[in-house]
Structures are given as C-alpha cells and as structure tokens.
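# What the coordinates show
Letter by letter, the chains look like this.
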2 protein chains.
Amino acid sequence: MGISSRIDAAMAAAIRSGQGAQAPARLAAALGYAVTPGGARIRPTILMSVALACGDDRPALSDAAAAALELIHCASLVHDDLPCFDDADMRRGKPAVHRAFSQPLAVLAGDSLIVKAFEVLARAAGHDPARAVALIDVLAVRTGMPYGICAGQGWESESQIDLSAYHQAKTGALFIAATQMGAIAAGQDGAEWEELGARIGEAFQVADDLRDALCDEATLGKPAGQDDLHGRPNAVRQLGLHGALARLDDILAGAIASIPACRGEAALAQMVHAYADRLVPATARNRPTVPGE
Amino acid sequence: MGISSRIDAAMAAAIRSGQGAQAPARLAAALGYAVTPGGARIRPTILMSVALACGDDRPALSDAAAAALELIHCASLVHDDLPCFDDADMRRGKPAVHRAFSQPLAVLAGDSLIVKAFEVLARAAGHDPARAVALIDVLAVRTGMPYGICAGQGWESESQIDLSAYHQAKTGALFIAATQMGAIAAGQDGAEWEELGARIGEAFQVADDLRDALCDEATLGKPAGQDDLHGRPNAVRQLGLHGALARLDDILAGAIASIPACRGEAALAQMVHAYADRLVPATARNRPTVPGE
C-alpha cells in the first residue's frame, strides 16, 4: 500500500472508533466531516516518509502515528476557524465545522479529535509500549504548552510577540513532530530528527509568505495579500522575491544536509525536493525579474 | 504525604511544565488559573484511594494518573463555561476563564490542559510503559468519543437524548476512569473496577439531583431548582425525597459490594461512606418528612 492509502485507511479507522450506536449522532458526524476531504496530508506524509527511510519495522505504529498527527492538525483547524479566532466560513472548499454544525459541536469535535489522537497511539502500542509512550510524549509536547501549536496560537493573545517562538510553535511544531514521530515509530532516536522537521517548517513558512505575496485569491482559496494588509512580517517584503526564493533554497539545502544517516537517506532527500516543488507556486519560480527586486 | 498533598503536588508540577520563559504569558497564566483553587478534587481522590487499596507500588504513576484525570476535569469545566455552552460567569467562586482572560484563551487553555493530561502520563511511564499506555487508553476512552465526557456534552446537541448513555458519559465516565486508573496505576486489571466507578457516578448524579431540589442558591453556589425549571429528569421529582435518599443508599451499597478483593478493601468501603456523607446535604437527611413524600 502506498503512503497516501495507508494514511487514509488509518484516518478512517480512527474516526470509525469514535462513532457507533452509542454515540451522539451529530458529534459523530462532525468528526468525520472535520477530517475529510483530507487536503494534502503533508504532515503525516512526511512522518511516513521518515518512518520508511528508517526501516518502518512496526508499520502499525507508523500508521497510528500518522493518523494521530493528522487528527491533531484537523482539530487545530476546527478550533482556529471558530468565531473567537479566525471566524472562517469555509475550510477546504466547504463550510467550516462551526458553520456546518454549530459552535458547541465544533468545540467538542476539536476536543474529541485531540483525545482520539492519543487513544490511537495507546491502542497501537502492541508489543512495544515504550515506543508508543515516546510517540505520545512528542505529540503532546508539539501540541500543547509551552512548545506546541496551542502555544503558537496563544502568542496571538500577547501584546508583545516573540516572533521566533511564535513561528516555531505555530508552524514548526507539527513538522518537528512529523519527523520525530516517523523516526520513533521505526525505533530510532527522535532527537536526531528535530532539525529536519524544524527546517521543513521554516520552508513552509517562507513558501506561505511567497503564496500570500504572489498568488491571487482564486489560487489561494483565501484572501491574498493579508500580510501586507496587516503589517505582518513576510519574507517577500523583507527580502524581495528573489531573496525569498534564495532563502527557501537555503533552508531546503539545510534540511537535506540535516537528514541523519539511515537506509532511506536518498529517498528522503528526494521527498524534500518534491515537497519544495509543491510548496512554491510555479508563478513565483517562473516570474520574470522585477526591477528593484 | 496524604492523598490531598500528593494531588496538589502533582497538579502543581503538571502546570509548571506548561509554563516557562518561552511560553506565551497569558495562556500560561490561564492554565494555572483554571486549576486553582482546586475544589473538592473528588475524582483524583477516588483514584488515589483505589491505588492505595491496590498497594500503590508505583506511586509516581498514581500521582501522574491523579493529575491527568483532574486536568481533564478542569479542561471540561473551562470549555463547558464558554458562551456557546453554559455561558457561565463564575466558577469556583471567581470569574470563569473566558471572563477573566478571553474566549480564545479559554479554548486554548482547555485544549492545553487536555494535551497536558496525556503528556503527564507519558512522562511518568518510567520503567513501566505498559501501565502508562493502559492509563492513557482508559483516560482517552472516558474523555472522548463515543463513551467519554465529550460524548456526554455532545448528547446535549441531539434532538432525542439517550438518557442512560447521556448520564453515563457526562457524569459517569470520569468516575469510571478514576477507579480503573487507580487500579491500573497499581498494576491491577482495570476492567474489574468499572462497576465501582459507574456506581459512584450514579450516586453523584442522584446527590446532584437532591442538591438541586433541596438547596438554595447560596448553598449551591449556582441557581437552584434548575431541573424543575427546565423539565429535566430529577430523582427527587421521580421518586420523592425519601425515595431518592433510599435510591442513593442502594447505589452506595452496590458500590461497596462491587469492590474487588484487594488488601485495602475495608478502607475503600470507608472511603465510599465518607464520600456519601459529603455528597448528601445535611438538610436532606435531617429534613422532617413532608406529607405526600
């Protein structure tokens, strides 16, 4: 089975386990709604790629780790879309959970998805509870306080933002979880894989800045030029288009250089390149030089 | 150290681990605010009592389990108080988290407390990751979907409520988690301890009905007579005062009878009695018979 089919199967099994005759039907429906259609599933794909590069000797644990990570990501989208945060009407081309169901069900769906992530990992422990515990630890650290995506979102309630802590927690945390969990699921030391995740997270941030500066609303699926509008730091504004593209290339070279020795090292470097091609809009790479850039 | 000191110390350590120089300060403050003052800490006290009755051979794991369970309970209070649910102004004698901080910080504090619960258990795994995994599994099942407190709250969004599933999930789930986790932390089979938790949960429900029907707002710390007002099922309305008290005694006798053989069986029966005395308002036990009851 390919990576994408494995992720889909693991996600479907996780959601099924939260449903059934004894479940309140609308909340059960909201869980399924919140995780499909899946979007790019970037984080679990990175996790699986690392697990495979490390030998993937306990595939059930890799599958569970991938699903757990994506469940946390989906939960964060559901809560971030709430009226008290982004008040988003749409997500992945359909009404956000709080619009399609209700605010109470969106809060509960997010909570249930967070809990399900840890349940999925505990259930997959099998004969290797030590690995499951290590996976749960990493996922919790990169989700909660003070280093996880909750902390990242929490920075937006501060009058003074520590930008580096903010970006690392808000965007970087789940990419670090992806590489570390992939390694741990396959029996490797997670610490060695932190840098790769952190650099992929940085690349994601710069690519996001490029898209915000260069794409129109139709391509983005959300309003463009928001960073400029809100005076937010943006790599294109700071470095110019070519500067930002050069920065992205630097980060990706660093990411590839950071890959620990493992049997699938070459395939993983390939994955990072493919990921980069996907991240950067063709319009950016192919755009003629603009004077002054 | 007594049970209550152990719980306080474990809670303080859990909250401290979510703070520090790199944390967004307001969210960090909201976490501490949400868990203090502690209220009765009923669930972790039951958990500790069961662990002690079972020998408490890994006290660090029992401490972690108690803290994890209470963190989930506190998270549920923070989210239940949100405007889209109970819209509560006050909790434990001070403004609710969403009033003292903000709605975004209340959502994030609840999320962070849920995540912290699982992190605390993973961190306490030590030389017994299998027990930690079993604890995480039980806590997840009794928190999420379809059997946990999220499901319980989810029933309130249904047009047709399955009352038994509703009460078991909303009130019973964390009491079942308490007895099962106490046993598991001490190396026993959690399944044997489900009935005790379920019966304590039922007793809690009947006692709540008694308080709602008999106490005034000042004693309750919240509006009285709410069940009558909203036409909700209430044991006093269904069975009369003496009927409800008799029902409570029945449930508690069943709870005591269900205690599995263990070295601390007698002490545990004592704990259930003490718990019952605390649950039932003296005004109920001492009230003269009212004609027609």
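Residues numbered from 1 in each chain as written. Chains lettered and ligands numbered in written order. Predicted model: local features only at pLDDT ≥ 70, side-chain atom pairs only at ≥ 80, totals over all residues. Heavy atoms only, no water.

### So, the overall build of chain A
For chain A, the helix and strand inventory stands at 15 helices and two strands. A compact globule built from 293 residues should have a C-alpha radius of gyration of about 19 Å, and chain A, at 19 Å, falls within 12% of that. Dimensions of chain A, computed from C-alpha atoms along their principal axes, come out at roughly 65 × 50 × 35 Å. Of all 293 residues assigned to chain A, the portion counted as buried reaches 59%. The contacts in chain A between residues at least 6 apart in sequence include a share of 67% that link residues at least 24 apart. With the model as given, the accessible surface of chain A reaches about 11700 Å², and the carbon-plus-sulfur share is 51%. Taken together, the 25 basic and 34 acidic charged side chains of chain A have centroids lying 6 Å from each other. (Helix = DSSP H or I, 4+ residues; strand = E, 2+ residues; numbered from the N terminus. Rg over C-alpha atoms; globule rule 2.2 N^0.38 Å. Buried < 20%, exposed > 50% of the residue type's maximum accessible area, 1.4 Å probe, protein only. Contact = heavy atoms within 4.5 Å. Areas by Shrake-Rupley, 256 points an atom, 1.4 Å probe, with all protein chains shown as cover. Lys, Arg positive; Asp, Glu negative; His and termini not counted. Charge placed at Lys NZ, Arg CZ, Asp CG, Glu CD.)

### Describing the nonpolar core
Grouped together as the largest cluster of nonpolar side chains are 197 residues, with contacts concentrated most on Phe118(A), Leu210(A), Phe118(B) and Leu210(B). Residues within four places of Phe118(B) in sequence aside, it is in contact with Val115(A), Phe118(A), Ile136(A), Ile72(B), Ile136(B), Leu139(B) and Ala140(B). (Core = buried A, V, L, I, M, F, W, Y, C linked by side-chain atoms within 4.5 Å.)

### Observations regarding the domain arrangement of chain A
Frequently, the measure chosen for interface size is the accessible area that the parts lose on association. Residue and element names in this part refer to chain A. As far as domains go, chain A holds domain 1 (1–161) and domain 2 (189–293). Here domain 1 and domain 2 have C-alpha centroids that lie 24 Å from each other. At the junction of the two partners, domain 1 supplies 10 residues and domain 2 supplies 12 residues. Of the roughly 860 Å² buried between domain 1 and domain 2, counting both surfaces, carbon and sulfur atoms make up 74%. Considering only the surface of domain 1 that becomes buried against domain 2, Ile42, Ile46 and Ala53 emerge as the three largest contributors, covering 45% of it. Two residues, Glu194 and Arg142, come together in a salt bridge whose shortest N-O distance is 3.6 Å. For the pair domain 1 and domain 2, the number of links is one residue pair in polar contact (both at pLDDT 80 or more). By residue class, the composition of the side of domain 1 that touches domain 2 is six nonpolar, two polar and two charged. (Domains from an automatic or database assignment. Buried area = accessible area lost by both parts, 1.4 Å probe. Salt bridge = Lys/Arg side-chain N within 4 Å of Asp/Glu carboxyl O. Polar contact = N/O pair within 3.5 Å; in protein donor to acceptor, adjacent residues only side chain to side chain. Nonpolar A, V, L, I, M, F, W, Y, C, P; charged D, E, K, R; others polar.)

### Considerations on the environment of Trp155(B)
Residue and element names in this part refer to chain B. Checked against the element boundaries, Trp155 lands in the loop between helix 8 (149–154) and helix 9 (163–185). Given the relative accessible area of 7%, Trp155 is considered buried. As a C-alpha pair, Trp155 and Ala165 span 10 residues in sequence and 8.5 Å in three-dimensional space.

### Description of the interface of chain A and chain B
The interface is formed by 51 residues belonging to chain A together with 51 residues belonging to chain B. When chain A packs against chain B, close to 4300 Å² is buried across both sides, 72% of that on carbon and sulfur atoms. Its largest share of buried area at the contact with chain B, chain A owes to Gln22(A), Val115(A) and Met145(A), together 15% of the area lost on that side. Residues Asp137(A) and Arg123(B) are paired through a salt bridge, measuring 3.0 Å at the closest nitrogen-oxygen approach. Within the residue set of the side of chain A that touches chain B, elements represented by two or more residues are helix 2 (25–35), helix 6 (103–123), helix 7 (129–143) and helix 8 (149–155) of chain A. Tallied by class, residues from the side of chain A that touches chain B come to 32 nonpolar, 12 polar and seven charged.

### Quick look at the relation of the copies chain A and chain B
When chain A is brought onto chain B, the operation consists of a screw motion whose angular component is 180 degrees and whose axial shift is 0.0 Å, with 0.0 Å RMSD remaining. In the structure described here, the two chain copies are related by an operation that fits a two-fold rotation axis. For chain A, the residue whose C-alpha comes nearest the rotation axis is Pro129(A), separated from it by 2.7 Å. Both copies contact each other with a shared surface, as 100% of the interface residues of chain A are interface residues in chain B too. (Least-squares fit on C-alpha atoms with pLDDT ≥ 70 in both.)

### Description of the environment of Ala183(A)
Residues and elements named next belong to chain A. Tracing the backbone through its elements, the reader meets Ala183 in helix 9 (residues 163–185). Exposure remark for Ala183: the relative accessible area of 0% places this residue in the buried category. Along the primary structure Ala183 and Trp193 are separated by 10 residues, whereas in three dimensions their C-alpha atoms are 7.1 Å apart. Beyond its immediate stretch of four places on either side in the chain, Ala183 contacts Val50, Cys54, Gln188, Asp189 and Trp193.

### Looking at the packing of aromatic side chains
Any pair of aromatic rings gets described here by the distance separating the centres and the angle formed by the planes. Under the counting rule described, the total for this entry stands at five aromatic pairs over all chains. With a centroid separation of 5.3 Å and an interplanar angle of 80 degrees, the aromatic rings of Tyr33(A) and Phe101(A) are classed as edge-to-face. Of this pair, Tyr33(A) sits in helix 2 while Phe101(A) sits in the loop between helix 5 (97–100) and helix 6, placing them 68 residues apart in sequence. Across this residue pair, the class does not change: Tyr33(A) and Phe101(A) are buried. Residue placement shows Lys94(B) over the ring face of Tyr33(B); its charged tip is 3.6 Å from the ring centre. (Phe/Tyr/Trp six-rings, centres within 6.5 Å; stacked < 30°, edge-to-face > 60°. Lys NZ or Arg CZ within 6 Å of the ring centre and 35° of its normal.)

### Section: the packing of helix 6 (residues 103–123) of chain B against helix 7 (residues 129–143) of chain B
Residue and element names in this part refer to chain B. In contact at an axis separation of 9 Å, helix 6 and helix 7 are set at 165 degrees when each is read in the N-to-C sense. One finds that helix 6 runs roughly antiparallel with respect to helix 7. At the point where helix 6 passes helix 7, the crossing takes the right-handed sense. In this structure, helix 6 uses Ala117, Phe118, Leu121 and Ala122 to contact helix 7, whose residues at the interface are Ala132, Leu135, Ile136, Leu139 and Ala140. Classifying every residue of the contact of helix 6 with helix 7 gives nine nonpolar, no polar and no charged. (Axes fitted to C-alpha atoms, helices over the stretch in contact; angles between N-to-C directions. Parallel < 35°, antiparallel > 145°, perpendicular 65-115°, else oblique. Left-handed = near helix turned anticlockwise from the far one by under 90°.)

### Looking at the pattern of salt bridges
Two side chains of opposite charge can pair, provided their charged atoms sit close to one another. Residue and element names in this part refer to chain A. Inspection of every chain in the model, using the stated rule, returns 34 salt bridges over all chains. Here Asp128 ties to Arg131 by a salt bridge, and the two come within 3.0 Å at their closest N and O atoms. Residue classification places Asp128 among the buried residues on the basis of a relative accessible area of 15%.

### Digging into the environment of Leu47(A)
Residue and element names in this part refer to chain A. Mapped onto the elements of the fold, Leu47 is located in helix 3 (residues 42–53). Assessed through its relative accessible area of 0%, Leu47 is described here as buried. Separated by 150 residues in sequence, Leu47 and Gly197 place their C-alpha atoms 9.6 Å apart. Excluding anything up to four places from it in sequence, Leu47 contacts Ser62, Ala65, Ala66, Leu69, Ala178, Met181 and Gly182.

### Describing the side chain of Asp81(B)
Inspection of the secondary structure puts Asp81(B) in the loop between helix 4 (59–80) and strand 1 (90–91). Among the polar contacts listed, one links the side chain of Asp81(B) to the side chain of Arg91(B), at a separation of 2.9 Å.

### Regarding helix 9 of chain B
All names here are of chain B. With 23 residues, helix 9 ought to run about 33 Å at 1.5 Å a step, and its terminal C-alpha atoms sit 31 Å apart, in line with that. Along helix 9, the sharpest kink reaches roughly 60 degrees, centred on Gly172. Counting buried residues in helix 9 gives 18 out of 23 residues, a clear majority hidden from the surface. Remark: Gly187 follows helix 9 within two positions and exhibits a positive phi of approximately 85 degrees. (Expected span 1.5 Å × (residues − 1). Bend = angle between axes of the 7 residues up to and from the residue.)

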